[in-house]
Amino acid sequence: MDTPYAIEMLNITKRFPGIIANDNITLQLKRGEIHALLGENGAGKSTLMSVLFGLYQAEEGIIKKDGKVVSIKNPNDANDLGIGMVHQHFKLVQCFTVLENIILGVETTKNGILQKDEARKKVMALSEKYGLMVDPDALIQDITVGMQQRTEILKMLYRDNEILIFDEPTAVLTPQEIAELMQIMKNLAKEGKSILFISHKLNEIMEVADRCTVLRRGKYIGTVDIKDTTQEELSRMMVGRDVQLVVEKGPAHPGEVVLDIRNMTVASKVHNNNAVKNVSLQVRSGEIVCIAGIDGNGQTEFVYGLSGLEPLVSGTITMLGKDITRATIRERASEMSHIPEDRHKHGLVLDYSLEYNIVLQRYWQPEFTKNGFLDQKAIRNYAERLIEENDVRSGQGAITTTRAMSGGNQQKAIIAREIDKKHELLLAVQPTRGLDVGAIETVHRNLIRERDSGKAVLLISLELEEVMNVADRILVMYEGEIVGDLDPKQITVEELGLYMAGAKRNTVKEGA
Amino acid sequence: MNGKDSFFRRPGVQTFLSSIICVVFGLLLGYIILLLINAKGASAGIVTLLKNYMNYPTRPAQMKYLGNTLVKMAPLLMCALSICFCYKAGLFNIGAAGQYVVGAGACLYGALSLKLPWIACLLFSIVIGALWGMIVGALKAYLNVNEVISGIMLNWIGLYLVNMSLAPVKELASPYTQKVAAVNKAALLPSMGLSSLFSKNQYVTIAIPLSILTAIVLWVVLNKTAFGYELKATGYNKEASRYAGMREKRNIIITLMIGGALAGTGAAFLYLTGFEEWSVTQSSVPGMGFNGIAATFLGGLSPIGTIFASYFIQHITSGGAYLDKAIYPSQISDLIIALIIYLCGFVLFFKTVMNSRRPAKVINNANDTEKKGGKAQ
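Engineer: Residue-level account of the overall build of chain B, with values.
Structural biologist: Counting secondary structure elements, chain B contains 18 helices and zero strands. Across the 377 residues of chain B, 49% fall into the buried class. Pairs at least 24 residues apart make up 77% of the contacts formed inside chain B by residues separated by at least 6 positions.

Engineer: Go over the overall build of chain A with me, naming the residues and quoting the values.
Structural biologist: For chain A, the helix and strand inventory stands at 17 helices and 24 strands. Scaling as 2.2 N^0.38, a compact globule of 512 residues should have a C-alpha radius of gyration of about 24 Å, and chain A matches this with 24 Å. With the C-alpha coordinates of chain A rotated into their principal frame, the extents come out at 75 × 50 × 50 Å. A separation of at least 24 residues holds for 68% of the contacts in chain A among residues at least 6 apart in sequence.

Engineer: Could you give an account of the environment of Glu8 of chain A, with specific residues and numbers?
Structural biologist: Residue and element names in this part refer to chain A. Its location among the elements puts Glu8 in strand 1 (residues 5-16). Sequence separation between Glu8 and Thr26 is 18 residues; the distance between their C-alpha atoms is 7.5 Å. Once residues within four sequence positions are removed from consideration, Glu8 is found in contact with Gln28 and Lys64.

Engineer: Can you lay out the pairing of strand 10 (residues 194-199) of chain A for me, pointing to particular residues and giving the numbers?
Structural biologist: Residue and element names in this part refer to chain A. The element strand 10 is extensively covered by neighbouring structure, given that six of its six residues are classed as buried. Burial along strand 10 is two-sided: the face carrying Ser194, Leu196 and Ile198 and the face carrying Ile195, Phe197 and Ser199 are both buried. Examined bridge by bridge, strand 9 (residues 163-167) and strand 10 share five bridges and lie parallel to one another. In the sheet register, Leu164 faces strand 10, and the bridge partner there is Ile195.

Engineer: Any details on the nonpolar core? Residues and values, ideally.
Structural biologist: Note that soluble globular proteins tend to have their nonpolar side chains buried in a common cluster. Grouped together as the largest cluster of nonpolar side chains are 145 residues, with contacts concentrated most on Leu52, Phe197, Cys290, Leu425, Leu427, Leu459 and Val476 of chain A. The element contributing the most residues to this core is helix 15 (residues 437-452) of chain A, with six residues. Apart from residues lying up to four places away in sequence, Leu52 of chain A is in contact with Met9, Ile63, Ile72, Ala78 and Ile83 of chain A. Ala80, Ile126, Ile128 and Ala294 of chain B belong to the second-largest nonpolar core, a separate cluster that totals 99 residues.

Engineer: Please set out the sheet that holds strand 14 (residues 274-284) of chain A residue by residue, giving values where relevant.
Structural biologist: All names here are of chain A. Read across the open sheet, the four strands follow the order 14-13-16-17; overall the sheet is antiparallel. Because the sheet does not close on itself, it has two edges, and the strands there are strand 14 and strand 17 (322-323). The pairing of strand 13 (residues 257-267) with strand 14 spans seven bridges and is classified as antiparallel. What sits directly across from Ala267, in strand 14, is Asn274.

Engineer: Outline helix 3 (residues 42-51) of chain B, listing residues and values.
Structural biologist: Residues and elements named next belong to chain B. Those residues of helix 3 not exposed but buried are Gly45, Ile46 and Leu49. Around the axis of helix 3, the buried residues are gathered within 95° of arc, so they sit on the same side. Residues of helix 3 that are exposed and point more than 90 degrees away from the buried face comprise Ser43 and Val47. The positive-phi residue at the C-terminal boundary of helix 3 is Asn52, with phi of around 50°.

Engineer: Quick rundown of the sheet that holds strand 15 (residues 288-292) of chain A? Include the residues and the values.
Structural biologist: Residue and element names in this part refer to chain A. The mixed open sheet is built from six strands, whose spatial order is 18-21-22-15-23-24. At either end of the open sheet lies a strand with only one pairing partner, and these are strand 18 (336-339) and strand 24 (481-486). Within the sheet, the average angular offset between the axes of one strand and its neighbour, ignoring direction, is 20°. Pairing geometry for strand 15 and strand 22 (residues 456-461), over five bridges, is parallel. Bridging from a neighbouring strand, Ala292 pairs with Ser461 of strand 22. Helix-sheet contacts for helix 15 involve strand 15, strand 21 (425-429) and strand 22, and the interaxial angle to strand 22 is about 150°. Strands strand 15, strand 23 (473-478) and strand 24 of the sheet are contacted by helix 17 (residues 493-500), whose axis makes an angle of about 35° with strand 23.

Engineer: Describe the confidence of the model for chain B, and please don't skip the residues or the numbers.
Structural biologist: Residue and element names in this part refer to chain B. Here chain B averages 85 in pLDDT, while 90% of its residues score no lower than 70. pLDDT under 50 marks residues 358-377. Its contacts with residues more than four places away, or in other chains, come to 39 contacts. This prediction of the complex comes with two scores: 0.75 for pTM and 0.78 for ipTM.

Engineer: Give a description of the domain arrangement of chain A that names residues and reports values.
Structural biologist: Assigned domains of chain A: these are domain 1 (7-239), domain 2 (250-333 + 424-436 + 455-512) and domain 3 (336-422). Relative to domain 2 of chain A, the C-alpha centre of domain 1 of chain A lies at a distance of 35 Å.

Engineer: I'd like a description of helix 6 (residues 175-190) of chain A, backed by residues and values.
Structural biologist: All names here are of chain A. Over its 16 residues, helix 6 runs 23 Å from end to end, which matches the ideal 22 Å to within 8%, given 1.5 Å per residue. Taken together, the buried positions of helix 6 are occupied by Glu177, Ile178, Leu181, Met185, Leu188 and Ala189. Here the buried residues of helix 6 occupy an arc of 115° about the axis, which is enough to place them on one side. Along helix 6, exposed side chains directed more than 90 degrees from the buried face belong to Gln176, Ala179 and Lys190. Elements in contact with the buried residues of helix 6: strand 3 (34-38), helix 4 (116-130), helix 5 (145-158), strand 9, strand 10 and helix 7 (202-208). Of the residues flanking the end of helix 6, it is Gly192, one or two places downstream, whose phi is positive at about 95°.

Engineer: Please give an account of the packing of helix 4 (residues 59-88) of chain B against helix 13 (residues 248-271) of chain B that cites residues and values.
Structural biologist: In helix packing, the relevant descriptors are the interaxial angle and the interaxial distance, both defined with respect to the helix axes. Residue and element names in this part refer to chain B. Contact pair helix 4 / helix 13: the axes reach a minimum separation of 7 Å and the direction vectors enclose 175°. It follows from the interaxial angle that helix 4 and helix 13 lie roughly antiparallel. Here Lys72, Ala74, Pro75, Met78, Cys79, Leu81, Ser82, Phe85 and Cys86 of helix 4 come into contact with helix 13, specifically with Thr255, Leu256, Ile258, Gly259, Leu262, Ala263, Thr265, Gly266, Ala267, Phe269 and Leu270. Classifying every residue of the contact of helix 4 with helix 13 gives 14 nonpolar, five polar and one charged.

Engineer: If you had to explain the environment of Ile324 of chain A to someone new, which residues and values would you point to?
Structural biologist: Residues and elements named next belong to chain A. Here Ile324 is to be found in the loop between strand 17 and helix 10 (329-333). The class of Ile324 is partly exposed, set by 19 C-beta atoms lying within 10 Å. Considered as a pair, Ile324 and Glu168 are 156 residues apart in the sequence and their alpha carbons are 39 Å apart. The contact partners of Ile324, leaving out residues within four places of it in the chain, are Ile317, Thr318, Met319, Glu331 and Arg332.

Engineer: Before we move on, could you go through the pairing of strand 16 (residues 314-319) of chain A and cite the residues and values that matter?
Structural biologist: Residue and element names in this part refer to chain A. Relative to strand 16, strand 13 runs antiparallel, the two sharing five bridges. Within strand 16, the position partnered with Arg262 by the bridge is Thr316. Relative to strand 17, strand 16 runs antiparallel, the two sharing two bridges. In the strand pairing of strand 17, Met319 is matched with Lys322. Here strand 16 folds back onto strand 17, and the loop between the two strands holds two residues, one of which, Leu320, carries a positive phi near 50°.

Engineer: Outline the packing of helix 11 (residues 226-236) of chain B against helix 13 of chain B, listing residues and values.
Structural biologist: Residues and elements named next belong to chain B. Two elements in contact, helix 11 and helix 13, have axes separated by 11 Å at closest approach and are oriented at 105°. One finds that helix 11 runs roughly perpendicular with respect to helix 13. Each of Glu230, Leu231 and Thr234 in helix 11 lies in contact with helix 13, whose residues at this interface are Glu248, Asn251 and Thr255. Looking at the contact of helix 11 with helix 13 residue by residue, the class counts come to one nonpolar, three polar and two charged.

Engineer: So what's going on with unusual backbone geometry? Which residues, and what values?
Structural biologist: Look at Glu168 of chain A: it is not a glycine, yet its phi comes out positive at around 40°. Here Glu168 of chain A falls in the partly exposed class, since 19 other C-beta atoms lie within 10 Å of it. With phi around 55°, Asn144 of chain B is a residue other than glycine that occupies positive phi space. Relative to the assigned elements, Asn144 of chain B resides in the loop between helix 6 (118-143) and helix 7 (147-166).

Engineer: So, the environment of Met85 of chain A: which residues are in play, and what are the values?
Structural biologist: Residue and element names in this part refer to chain A. Turning to its location among the elements, Met85 is positioned in strand 6 (residues 83-86). We classify Met85 as buried; it has 24 C-beta atoms within 10 Å. When the C-alpha positions of Met85 and Asp167 are compared, they lie 7.4 Å apart, and in sequence the two are 82 residues distant. Ignoring sequence-local partners within four residues, the contact set of Met85 consists of Phe53, Ile165 and Asp167.

Rules behind the numbers
- Residues numbered from 1 in each chain as written.
- Chains lettered and ligands numbered in written order.
- Predicted model: local features only at pLDDT ≥ 70, side-chain atom pairs only at ≥ 80, totals over all residues.
- Helix = DSSP H or I, 4+ residues; strand = E, 2+ residues; numbered from the N terminus.
- Buried ≥ 20, exposed ≤ 12 C-beta atoms within 10 Å, placed from the backbone.
- Contact = placed C-beta atoms within 7 Å.
- Rg over C-alpha atoms; globule rule 2.2 N^0.38 Å.
- Pairing = 2+ DSSP bridges.
- Core = buried A, V, L, I, M, F, W, Y, C linked by C-beta atoms within 7 Å.
- Arc of directions from axis to C-beta.
- Axes fitted to C-alpha atoms, helices over the stretch in contact; angles between N-to-C directions.
- pLDDT = per-residue confidence, 0-100.
- Domains from an automatic or database assignment.
- Expected span 1.5 Å × (residues − 1).
- Parallel < 35°, antiparallel > 145°, perpendicular 65-115°, else oblique.
- Nonpolar A, V, L, I, M, F, W, Y, C, P; charged D, E, K, R; others polar.

Dropping the structure here:
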């Protein structure tokens, strides 16, 4: 134990056909530190972690634990070495309790009978020690995403893991939950756990990490001490150029009303109450209206109602003077572009090629289908133009299966498709979810360019910073109602937070 | 990129290889069973099975019995295509067996009771088969009833309905329906001179080339048309195709109607040749539709691959009839064939095994220079 490092990955190189995913990367994690791993989508973070976790074998390089060379051939080896990971998508059994999930795979039994009491004691003790506060008897399906994540953390702690990997843990959390998670991570580090924190949210890294290793396009860029660096420097290391963290935009010039929603009510799929209650709003051409709110306050159902994925209980939707309340999805799509919240569920057919996904709503139009037959050449040309213009990166270009693309590039492809499609209204639902700084900048610039070209933009966002920076008008949604109609120039983030939490509301001006 | 490497990673090649592995394993297992029963005759037995019509010494006889194998391949291929087509749209049409049954009932009823010409009988089978598929589709689309459950139920409903409707036209002394050739010659499918190619085998009709043509047409529909694009998108991701404005309910119904029509046609392709009669006392659903599942998977879920898979399955089925009944019980050929068909279901398994040797997902994206460099090598 004469080395300060818990885990060292030295000169790791991992190649895939046509790609060097990790090119001579070195990562040294000290005991008791929080070490951030920063990089754009597709920079090689996940590959490096998969190597550490035994999912891939590196072609070159060695891994050392406490100074001794180890070989990690599969995740079991990683577990034996005390390496645990909280995945971005939780690996929990929905119909089991928290406690059952924690002990899953390492159950103590006596004569074949589960011994839960001992496990419960240990879980409670761990929960207390690190301030996790989870109810061990709650079912996973009944608890919030934040609580599910804590269950994952407890799972690692229960297995006495010393090295904890957090893969983009804040992507799914509300601002309050993020603050709590940061505190938990600090507690863990104080107790001697070593933490690898994969993220591309610079403010979080600045707040919680001790050191940060930056990757770019599979290459090792450097490791810096957080106290000696700035957000600007980190983003430059990550992207390779200067990134504007603040969105630049001129004043909006709202024109005629494009979208007019009156008294929209949408039923909920999970409970008996309506998820969207009597919502009325208007969006004009040349403005970005943003619906802000904490996740789960009816935004998803609102989008489903507007885009036609779910029928309305009551109310009307008028677009460009035409009543589209009962129009089909395809009829609506002729004037409405929709960047969906969940790109895997709605946005893409993952097993289709990139080019097929680019014409997902338009394959039937005369441009791409002649006499019922797909015009493969026209599709290819169109796809290649969009790929080129929007810098969508993929292994084999237009014919890449979208499943094999990184999340950021999948999102880029969807945005390119929706913006190039004929539309007067752009409905963008969390368009920057899971994207890195460079990609977020591009998305924001695209939204503002849309606005300036006279389109109406309706943005649904959970990110306070995005709401404040991009919107021309903010509507706050709380428990299915619009509780505030605000001007981003005149309110503070704190005030907005109060609206979002339901502590404050103002009357919405009719037809404002 | 490494050329050799990428060849074995091509999906088509992988499918082909895994199908071959299945066949080899199946034959090996069959051989072992022959060995266990009677070691002496095993080698000869397996050769007999594989030789099928080649067991006959003269060329004309060989051609004639090749004809018989092909006659039974046509309905099997149609059932396999039915399952394959629905599978592409994300539906498991196990009801193909029942659609085949009602198709058989329809064409025989048309031929024997109504005395219709063959083209009308064929259309009757297509329509009734499509209707049977539509019921499954409508239940799935509007009431979210699983297509496997409703399909299996309809298999039985179809079987007894057909037994009932064909009872008036059965032979007096046997449970089999009257011979189409004897009652209504106009209902026999035309041969168009094909039978002369197979030593005047009168059962060789246009059904054989039509079934192969159907496979090719389906391949074109699935891969080249907007309709196929839509069906496959629905099969891969129902939610995304809804988001893209595709009418998913309509597509489910149309897909199963086409599936039903294909299976129904398959039945007409067999019973309108006069090769077999329907037994109105049978109490199990004919295996044709179920063997179609095996042919679909052995064919790598491709309409073209299905042609060869259907032929192979029918080839060994026919070959089984030539096993020496003095050494082996007559059920042995069915057993071996069942084993091979069973193993056909493992195509996907072998494919997964082959795939597991490559990274589960490609995480990184090459930057442009790397990409170009990779191509130039």
